[in-house]
Amino acid sequence: MLIRTHTCGQLRDAHVGQTVRLNGWVNSYRDHGNLVFIDLRDRYGLTQLVFDPDDGALAEMMAAADKLRNEDVVACEGKVRARIGGENPKLETGKIEIAVTRLDVLAKTENPPFLPDDVGNLPNEELRLAHRYIDLRRPSMQRILGTRHRITQTTRRYFDENGFLEVETPILYKSTPEGAREFLVPTRHVPGSFYALPQSPQLFKQILMVAGCDRYMQICRCFRDEDPRADRQAEFTQIDLEMSFVRRDQIMEMMEGFVRRLWKDVAGVEVPTVRRMSYRDAMEDYGIDRPDTRYDLKIKDISEFAGTLDFAIFKNTLEKGKDRPAFNSKKGVVKAMRVPGGAEKLTRKMTDGYTEFVKGFGAGGVAVVKVLGSPAVPAGSLADDMKLDTGIAKFLEPKKAEFIAAVGAQPGDTVLFVADTYGVATKAIGELRQKVARDMGLMPRPGAEGGPLHFLWVVDFPMFERNKDTGKWVAMHHPFTSPRDDQMQAFLDADVEDEVTIEGIVSAGYDIVLNGQEIAGGSVRIHDKAVQSKVFQLLGMTPEQAKEKFSFLLEALSFGAPPHAGIAFGLDRLVMNFVGTDNIRDVIAFPKTQIGADLMTKAPSPVPDNQLKDVHVKSIAAT
Ligand code: ASP
């Protein structure tokens, strides 16, 4: 075989006159009758090959060149010369071509189901996934693999420089109720027992801290058998980190340094100091714990004003949970969002659709008010010609000035209201805010290069929330997250039946949000056995159950556990941001479909009965 001396992206005019060898795939061919042009492709680029009897190409080689087709694999030797047909400025190698004198066809291809070019329309994704080896030959996919590689390399470098040890943790793990549904693996050696695949190495990294490892990192695979969603994969990758003897601020600084380094190294972008926002402010202003602050559209609680209206729907809502403290999920509230310019841009059809939209989040509907009049008045002040175009005019008109002041409205605005319990209204209007941003054209394309980057730390989450389906308490981050230092005693003293107190306990968790997506989440951990046991109790575990599931953790915590804290970044999401795609499958070499199928290997697949028998499993699936 003619082993390559250069890659297909390497040759420049400085190489003219040299005899070189190239290896690669036929990207395209043009046959000009006894003169054949081939663009040869590898990961590094394209180079034009010329087969011309005038350059000494023998008849036998001309015949072979004539038969070359797209995606054949070849090796060749020839002389580099300046392009006779003129430069191709689109190619890095566009100044030169190779006058081929030797050709070796290394592999002929069958007729490929599609060609790996980025120029034409892509075939459907199923076909691409079934033949991923062809799809990955596309230059844009090669670039994504390269970006992902650069991200992991920078990650390893940064954390190595900061004294982190990379430690591998088991894939065959114990079933633990961490949140999501687990994948189970039967074993031949212990009939009826199963491993679970880890949802994350959470407990191992904490135990590594108890083991004195001090600073841990791992680029690890996590497995969660969750319901399919477009931006999720059952198998995904985290950059997983843990540190001992740190307070919340120190780990946040370390991670901010990482983010800054990553964006600088990979995208050449300076990330400014990441601002912090409390969970409460995020929920109040944006109705979500990962606010997209690239656009304004803030939400306002106007319960006080709404209570002065003679409007039964608002009045009844505000009666709900009246005696509960502010922000309690069951307390009735009225939330409003002012949409500047909405009066013109948001059509009746759109705003009618908003009611259906919020019903999906449990709210009853949306009240819509268009503020009309000459635009030249400052926000929040009333002008003579101001009119409210709304189905609830009867109730609003008598309090027009107060309404305008309460929402800070201006002519040209549309104001949208949702009245419900705090939990429902906040969620509904937060989701509506994102929809309105799209409808108003305020939402930049996800992660597009050069687009704005809005990083945020969101901190001070509640420790617990009620599971919507079961009504039981669940940990908002995970059960190993500590209460914030100043909440510790209140948590230890709290009666687990005291709903209002429990809901008010704030955790020492933190998330990094980028443009409305959570890119990392972590927390200061519990390192005290009594606190951990209380969390388990609150989550409905009996001491026996807690012991059965987590005796190893509780034991470890009782043998000298240092204070520790950690975080995990979603690597796939990070890559998506750098390459500007909103399809998670684009950034994973061998992804699965939404229902977890690998279309190339055809996994999952049935296995023979004897193999099942070996692992003591009987399938009850209908065959
Ligand atoms: N293990 C956590 C997760 O996967 C992250 C962390 O708390 O470090 O979300």
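Because the structure is a prediction, the values reported are computed rather than measured.

Parameters at a glance
- Residues numbered from 1 in each chain as written.
- Predicted model: local features only at pLDDT ≥ 70, side-chain atom pairs only at ≥ 80, totals over all residues.
- Heavy atoms only, no water.
- Helix = DSSP H or I, 4+ residues; strand = E, 2+ residues; numbered from the N terminus.
- Buried < 20%, exposed > 50% of the residue type's maximum accessible area, 1.4 Å probe, protein only.
- Contact = heavy atoms within 4.5 Å.
- Areas by Shrake-Rupley, 256 points an atom, 1.4 Å probe, with all protein chains shown as cover.
- Lys, Arg positive; Asp, Glu negative; His and termini not counted.
- Charge placed at Lys NZ, Arg CZ, Asp CG, Glu CD.
- Near = heavy atom within 4 Å.
- Polar contact = N/O pair within 3.5 Å; in protein donor to acceptor, adjacent residues only side chain to side chain.
- Core = buried A, V, L, I, M, F, W, Y, C linked by side-chain atoms within 4.5 Å.
- Phe/Tyr/Trp six-rings, centres within 6.5 Å; stacked < 30°, edge-to-face > 60°.
- Salt bridge = Lys/Arg side-chain N within 4 Å of Asp/Glu carboxyl O.
- Expected span 1.5 Å × (residues − 1).
- Pairing = 2+ DSSP bridges.
- Axes fitted to C-alpha atoms, helices over the stretch in contact; angles between N-to-C directions.
- Parallel < 35°, antiparallel > 145°, perpendicular 65-115°, else oblique.
- Nonpolar A, V, L, I, M, F, W, Y, C, P; charged D, E, K, R; others polar.

Asks: Help me out: how do you make sense of the overall build of the protein in this one?
Replies: Along its length, the protein carries 20 helices and 22 strands. C-alpha atoms of the protein, sized along the principal axes, occupy 95 × 75 × 55 Å. For the protein, the residues scored as buried account for 48% of the 623 residues in total. In the protein, the proportion of contacts linking residues at least 24 apart, taken out of those at least 6 apart, comes to 68%. Just so you have it, the protein exposes about 30400 Å², and 51% of that area is on carbon and sulfur atoms. Mean positive and mean negative side-chain charge positions of the protein (82 and 88 charges, respectively) differ by 1 Å.

Asks: Just to check I follow, could you spell out the site of the ligand for this structure?
Replies: In the vicinity of the ligand lie 13 residues, with Gln202, Lys205, Gln238, His477 and Arg525 positioned nearest. Taking Ile567, its main chain carries an N or O atom lying 3.4 Å from an oxygen atom of the ligand. Its free accessible area being 270 Å², the ligand has 90% of it covered by the protein chains. Of all the elements in the fold, those that place two or more residues in the shell around the ligand are helix H5 (202-210), strand S21 (517-524) and strand S22 (564-570). The element best represented in the shell around the ligand is S22, accounting for 3 residues.

Asks: Just checking my understanding: could you explain H5 for this structure?
Replies: An α-helix turns once per 3.6 residues; consequently, residues spaced three or four apart project the same way. What H5 keeps buried is the set Gln202, Leu203, Lys205, Gln206, Leu208 and Met209. Here the buried face of H5 lies against strand S9 (215-223), strand S10 (235-244), helix H18 (543-557) and S22. Immediately beyond the C-terminal end of H5, within one or two residues, lies Gly212, with a positive phi of roughly 85°.

Asks: How should the nonpolar core be read in this particular structure?
Replies: General note: in soluble globular proteins, nonpolar side chains tend to be found buried as a group. Grouped together as the largest cluster of nonpolar side chains are 46 residues, with contacts concentrated most on Phe159, Ile239, Met255, Trp263, Ile512 and Phe569. Excluding its chain neighbours within four sequence positions, the residues that come into contact with Met255 are Phe159, Phe164, Leu241, Met243, Trp457, Ile512, Ile567 and Phe569. Residues Tyr295, Tyr354, Ala425 and Leu456 belong to the second largest nonpolar core, which totals 31 residues.

Asks: Help me out: how do you make sense of the packing of aromatic side chains in this one?
Replies: On inspection of all chains with the given rule, the structure shows 22 aromatic pairs. When the centroid spacing of 4.7 Å and the interplanar angle of 65° are considered together, the rings of Phe311 and Phe314 count as edge-to-face. Across this residue pair, the class does not change: Phe311 and Phe314 are buried. With centroids separated by 6.3 Å and ring planes inclined at 80°, the aromatic side chains of Phe480 and Phe536 adopt a geometry described as edge-to-face. Here Phe480 is found in the loop between strand S19 (473-475) and helix H15 (488-493), whereas its partner Phe536 is found in helix H17 (residues 529-538), with 56 residues between them in sequence.

Asks: Please clarify how the pattern of salt bridges should be interpreted in this entry.
Replies: When the charged atoms of two side chains lie near each other, side chains of opposite charge can form a pair. Taken as a whole and assessed by the stated rule, the structure comprises 42 salt bridges. Here Arg232 and Glu226 are joined by a salt bridge, their closest N and O atoms 3.6 Å apart. For Lys264, the salt bridge is made with Glu270, and the minimal N-O distance between the two is 3.3 Å. Note on Lys264: relative accessible area 40%, which makes it partly exposed.

Asks: How should helix H6 (residues 248-267) be read in this particular structure?
Replies: The end-to-end C-alpha distance of H6, which contains 20 residues, comes to 28 Å, matching closely the 28 Å that a straight helix rising 1.5 Å per residue would cover. Backbone geometry just downstream of H6 places Gly268 in the positive-phi region, at approximately 65°.

Asks: What is the right way to read the sheet that holds strand S13 (residues 332-339) from this model?
Replies: Sheets are built from strands paired through backbone hydrogen bonds, the pairs being either parallel or antiparallel. Strand order in the open sheet formed by 5 strands is S12-S13-S16-S14-S15, and the pairing between neighbours is antiparallel. In this open sheet, the two edge strands, each paired with only one partner strand, are strand S12 (299-301) and strand S15 (387-390). Averaged over all adjacent pairs, the angle separating strand axes in this sheet is 25°, with direction ignored. Summarising the sheet, S13 and strand S16 (residues 414-421) pair through 8 bridges and their orientation is antiparallel. By the bridge assignment for S16, Lys335 is matched with Val418. Packed on one face of the sheet, helix H9 (residues 312-319) meets S13 and S16 and runs near 130° to S13. Against the sheet, helix H14 (residues 422-439) makes contact with S12, S13 and S16, and its axis sits at roughly 150° relative to S16, the strand it touches most.

Asks: Sorry if this is basic, but what is going on with the side chain of Ser507 here?
Replies: Mapped onto the fold, Ser507 is located in the loop between helix H16 (499-504) and strand S20 (509-514). Looking at Ser507, the relative accessible area reads 3%, which means it is buried. A polar atom in the side chain of Ser507 sits 3.1 Å from the backbone nitrogen of Gly509. With sequence-adjacent residues up to four places away left out, Ser507 is seen in contact with Asp460, Phe461, Pro462, Met463, Thr481, Ser482, Pro483 and Arg484.

Asks: Teacher, can you tell me more about the sheet that holds S21 here?
Replies: Pairing is mixed across the open sheet formed by 8 strands, whose spatial order is S6-S9-S10-S22-S21-S20-S17-S11. The open sheet has two edge strands, strand S6 (165-166) and strand S11 (275-278), and neither has a second partner. Taken together, the 7 bridges between S10 and S22 define a ladder with antiparallel strand orientation. Bridge assignment links Met243 to a residue of S22, and that residue is Ala565.

Asks: Please explain the pairing of strand S2 (residues 36-42) as it appears in this structure.
Replies: The side chains of a regular strand alternate between both faces of the sheet. Burial within S2 is extensive, with 7 of its 7 residues counted as buried. The side-chain alternation of S2 yields two buried faces, one formed by Val36, Ile38, Leu40 and Asp42 and the other by Phe37, Asp39 and Arg41. Inspection of the sheet shows strand S1 (residues 19-31) paired to S2 by 6 bridges, in the antiparallel sense. The residue of S2 that forms the bridge with Val26 is Leu40. What sits between S1 and S2 in their antiparallel hairpin is a turn of 4 residues, with Gly33 showing a positive phi close to 70°.

Asks: Would you explain the packing of helix H7 (residues 279-286) against H14 in this entry?
Replies: Helix-helix packing: each pair is described by the crossing angle between the helix axes and the interaxial distance. Between H7 and H14, whose axes approach to 8 Å, the crossing angle comes to 65°. Here H7 is positioned roughly perpendicular relative to H14, judged by the angle of their axes. For the pair H7 and H14, contact is made by Arg280, Met283, Glu284 and Tyr286 and by Tyr422, Thr426, Gly430 and Arg433, respectively. For the contact of H7 with H14, a count of residues per class yields 3 nonpolar, 2 polar and 3 charged.

Asks: Even after reading the chapter, I still don't get the pairing of S20, so can you show me in this structure?
Replies: Counting buried residues in S20 gives 6 out of 6 residues, a clear majority hidden from the surface. Neither face of S20 is left uncovered, since the one carrying Gly509, Asp511 and Val513 and the one carrying Tyr510, Ile512 and Leu514 both have all their residues buried. Inspection of the sheet shows strand S17 (residues 455-459) paired to S20 by 5 bridges, in the antiparallel sense. In the strand pairing of S20, Phe455 is matched with Leu514. One ladder, built from 6 bridges, connects S20 with S21; its direction is antiparallel. Across the sheet, the residue bridging to Leu514 is Gln517, located in S21. Hairpin connection between S20 and S21: a loop of 2 residues separates the two successive antiparallel strands, and Asn515 in this loop has a positive phi of roughly 45°.

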